[in-house]
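Geometric and topological summary
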Amino acid sequence: MAKVKKINHIAVVVEDIQSSLAFWEGALGIKLEKVEDIPAQKAKVAFLPVGEGEVELVQPTDPESGTGKFLKERGGGMHHLCLEVDDIAGMLAQMKEKGVRLINEAPLEMEGRKIAFIHPKSASGVLVELYELTR
Ligand code: ZN
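What counts as what
Within any chain, residue numbers begin from 1 and follow the written order of that chain's sequence. Whole-chain, interface and lining totals are the exception, using all residues; otherwise, since this is a predicted model, local features are given only for residues with pLDDT of at least 70 and side-chain atom pairs are given and counted only at 80 or more. Here the side-chain values reflect all heavy atoms present in the structure, with hydrogen atoms and water set aside. In this analysis a donor is any N, O or S atom within 2.8 Å of a metal ion (3.2 Å for sodium, potassium and calcium), and since water is not included, sites may seem incomplete. Helix and strand labels come from DSSP, where a helix needs a run of H or I of at least four residues and a strand needs a run of E of at least two; each type is numbered from the N terminus. The buried label applies to any residue whose accessible area, calculated with a 1.4 Å probe on protein chains only, is under 20% of its type's maximum; exposed applies above 50%, and partly exposed to all values in between. Residues grouped as a nonpolar core are buried Ala, Val, Leu, Ile, Met, Phe, Trp, Tyr and Cys residues, joined through side-chain atoms within 4.5 Å. Throughout, a residue-residue contact means that at least one pair of heavy atoms, one from each residue, lies within 4.5 Å.

1. So, the coordination of the zinc ion
Bound to the zinc ion on the protein side are His9 (NE2), His80 (NE2) and Glu129 (OE), at distances that span 2.0 to 2.1 Å. Spacing between the donor residues of the zinc ion along the chain follows H-x70-H-x48-E. A residue pair is termed long-range when its members are at least 10 positions apart, and His9 in strand β1 (residues 4-13) and His80 in strand β5 (residues 77-85) qualify at 71 residues. When sorted by exposure, His9 lands in the same class as His80, which is buried.

This is the structure in structure tokens:
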């Protein structure tokens, strides 16, 4: 059976990374690792490691993207929870068998990882991302 290993990250959609850092870095004291422009995700992402996982602040760069619409409709907030698994294909097969509604039926290949999203309707209202690190 495929296994969940840990929480990889929690993604929070924000309007502006710099002003959000006043809380996450300034008040909470989490050290900012880096901010990256990720055109494939149509967003800028700030990475804030906490223990073995991290908080990601996602600032959409395109109002028509998924996170762009999320920002417009809800004014930002927690977007998804990412769980790292040891075998993403096995995990997806396991969930299909149990009737879980998936957004990605097959893993998407990204640099250094494979990912897939699970529909919030099947996950207590939370958008769940699965990661399998490939290096
Ligand atoms: Zn994510």
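2. A few points about the nonpolar core
If you look at the biggest cluster of nonpolar residues, it comprises 13 residues, and the most contacted ones within it are Ile88, Met91, Leu92, Met95, Ile118, Val128 and Leu130. Looking at this core, the elements with two or more residues in it are β5, α3 (88-97), β7 (113-118) and β8 (128-133). Per element, the largest residue contribution to this core is four residues, and it comes from α3. The contact partners of Val128, leaving out residues within four places of it in the chain, are Leu81, Leu83, Ala116, Phe117, Ile118 and Ala123. Listed in part, the ten residues of the second largest apolar core include Val12, Val14, Ile17 and Leu21.

Geometry only, nothing functional implied.
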